[in-house]
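# Residue-level structural notes
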Amino acid sequence: MSSNRSGPESASSTPVELPVLGAPVRERADAARNRLRALTAAETLFAERGVDAVTMDDVANAAGVGKGTLYRRFGDKAGLAMALLDERERELQHRILTGPPPLGPGAPPTDRLAAFVEAYLDLLTRQLDLVLLSETATTGARFRTGAHTLWRQHTRHLLDAGGAPDAEIAADVLLAALSAEQVRHWLRDRELDSATLAGSLVALVRTWTAT
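How each quantity is defined
Residues numbered from 1 in each chain as written. Predicted model: local features only at pLDDT ≥ 70, side-chain atom pairs only at ≥ 80, totals over all residues. Heavy atoms only, no water. Helix = DSSP H or I, 4+ residues; strand = E, 2+ residues; numbered from the N terminus. Buried < 20%, exposed > 50% of the residue type's maximum accessible area, 1.4 Å probe, protein only. Contact = heavy atoms within 4.5 Å. Areas by Shrake-Rupley, 256 points an atom, 1.4 Å probe, with all protein chains shown as cover. Salt bridge = Lys/Arg side-chain N within 4 Å of Asp/Glu carboxyl O. Core = buried A, V, L, I, M, F, W, Y, C linked by side-chain atoms within 4.5 Å. 1 Å grid on protein atoms, 1.4 Å probe; cavity = no way out; pocket = protein on both sides within 12 Å on 5 of 7 lines; lining within 4 Å. Points joined across faces, edges and corners; volume = space filled by probe spheres on them. Nonpolar A, V, L, I, M, F, W, Y, C, P; charged D, E, K, R; others polar. Axes fitted to C-alpha atoms, helices over the stretch in contact; angles between N-to-C directions. Parallel < 35°, antiparallel > 145°, perpendicular 65-115°, else oblique. Left-handed = near helix turned anticlockwise from the far one by under 90°. Lys, Arg positive; Asp, Glu negative; His and termini not counted. pLDDT = per-residue confidence, 0-100. Phe/Tyr/Trp six-rings, centres within 6.5 Å; stacked < 30°, edge-to-face > 60°.

## Examining the overall build of the chain
Helix and strand counts for the chain come out as 11 helices and zero strands. Beginning at the N terminus, the succession of helices and strands in the chain can be written as α-α-α-α-α-α-α-α-α-α-α. Among the 211 residues that make up the chain, the fraction classed as buried is 44%. Here the contacts in the chain between residues at least 6 apart in sequence split such that 65% fall between residues at least 24 apart. Carbon and sulfur atoms provide 52% of the accessible area of the chain, an area that totals close to 10800 Å².

This is the structure in structure tokens:
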């Protein structure tokens, strides 16, 4: 097996090559610390107040970094928000590629798929407004993100390995259910709790695949 394989190995004998989200830029230790402080502060403030109510001044003060540093690094609040989402999507990708099973390699495809649904829903509930912004910025934006390409290839492969009929369409149906707009409707309009929603979606995907 090639040592530079980028995709996780499923329960099937053939590994799947996944597109890899762009590698982080090398940075000095102090710059990395400031970036992490800013992202952590932004995440906390966005969760507490909502993205619209948070200013760059708020983030700079909470992070203990200069406002100029924040603007030079992220440009504006939209750039900061997208950097935070990118960081969290990279973390999930890393867990899929190299983390322990069932989310990472080594578990049966149905269990990996269920673990992905739960992990992605967890990311969504924590970053719902940011994912919604990235998916609805323009018509069809959801389908053009690098993360969507990754999630689709991963779920399609697991559905196929698990014996789901028409894995291509099944992957699209699953990711449509996991779109930020749909999840927001379930959580905020229908007032479902995230654990119930995760359980329902996991039960659904298990009906599509062999256990």
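## Thoughts on the pattern of salt bridges
Counted by the stated rule, this structure contains 13 salt bridges. Glu 91 serves as the salt-bridge partner of Arg 88, at 2.9 Å between the closest nitrogen and oxygen. One end of the pair, Arg 88, and the other, Glu 91, are both in helix 4 (residues 77-98), three residues apart, so they sit about a helical turn from each other. The class for Glu 91 is partly exposed, based on a relative accessible area of 37%. Of the charged contacts in the structure, one is a salt bridge between Arg 152 and Glu 168, with a shortest N-O distance of 2.6 Å. You can see Arg 152 sitting in helix 8 (residues 146-161) and its partner Glu 168 sitting in helix 9 (residues 167-177), a full 16 residues away along the chain. What you see here is one network of salt bridges that share partners, running through Glu 43, Arg 88, Glu 91, Asp 122 and Arg 126.

## A word on the nonpolar core
Core analysis: the biggest nonpolar cluster contains 58 residues, and Leu 92, Phe 116, Tyr 120, Leu 121 and Trp 151 have the highest contact counts within it. The leading source of residues in this core is helix 5 (residues 109-126), at 10 residues. Every residue in contact with Phe 116, bar those within four places of it in the chain, is listed here: Leu 92, Ile 96, Leu 103, Trp 151, His 154, Thr 155, Leu 175 and Leu 178.

## Things to note about the layout of surface pockets
Of the volumes computed, that of the second largest pocket is approximately 230 Å³. Residue lining of the second largest pocket: 18 residues in total, with Glu 89, Ser 134, Thr 145, Ala 147 and His 148 positioned closest to the centre. Class assignment for the residues of the lining of the second largest pocket results in nine nonpolar, five polar and four charged.

## Things to note about the packing of helix 4 against helix 8
For the pair helix 4 and helix 8, the least separation of the axes is 11 Å and the interaxial angle reads 25°. The angle between helix 4 and helix 8 falls in the class roughly parallel. For the crossing formed where helix 4 meets helix 8, the hand is left-handed. Along its contact with helix 4, which presents Glu 89, Leu 92, Gln 93 and Ile 96, the element helix 8 presents Ala 147, Leu 150, Trp 151 and His 154.

## A short note on the side chain of Glu 135
Tracing the backbone through its elements, the reader meets Glu 135 in helix 6 (residues 128-136). Within the buried core, Glu 135 has no salt-bridge partner, and the shortest N-O distance to an opposite charge, that of Arg 142, equals 4.7 Å. The contacts of Glu 135, once residues within four sequence positions are left out, are Tyr 120, Ala 141, Arg 142, Ser 179, Ala 180 and Glu 181.

## Details of the confidence of the model for the chain
Per-residue confidence for the chain averages 87 on the pLDDT scale, and 86% of its residues sit at or above 70. Every residue in residues 1-15 scores below 50 in pLDDT, and together they form 31 contacts with partners more than four places removed in sequence or on other chains.

## Some remarks on the packing of aromatic side chains
What the rule picks out here adds up to three aromatic pairs. Taking 5.8 Å as the distance between ring centres and 15° as the angle between the ring planes, the aromatic pair formed by Phe 116 and Tyr 120 counts as stacked. With Phe 116 and Tyr 120 both in helix 5 and four residues apart, this pair spans about one turn of that helix.

## Details of the environment of Arg 152
Overall, Arg 152 belongs to the partly exposed group, its relative accessible area being 22%. Between the C-alpha atoms of Arg 152 and Asp 172, which are 20 residues apart in sequence, the distance is 7.1 Å. In this structure Arg 152 touches Glu 168, Ala 171, Asp 172 and Leu 175, once residues within four positions along its chain are discounted.

## As for unusual backbone geometry
With an omega of 10°, the peptide bond between Pro 101 and Pro 102 qualifies as cis. Along the polypeptide, Pro 102 turns up in the loop between helix 4 and helix 5. Of note in this structure, Asp 166 is not a glycine but carries a positive phi near 50°. Tracing the sequence through the fold places Asp 166 in the loop between helix 8 and helix 9. At Glu 191, a position not held by glycine, the phi torsion is positive, near 60°. Tracing the backbone shows Glu 191 in the loop between helix 10 (180-189) and helix 11 (194-208). For Glu 191, a relative accessible area of 67% translates into the label exposed.

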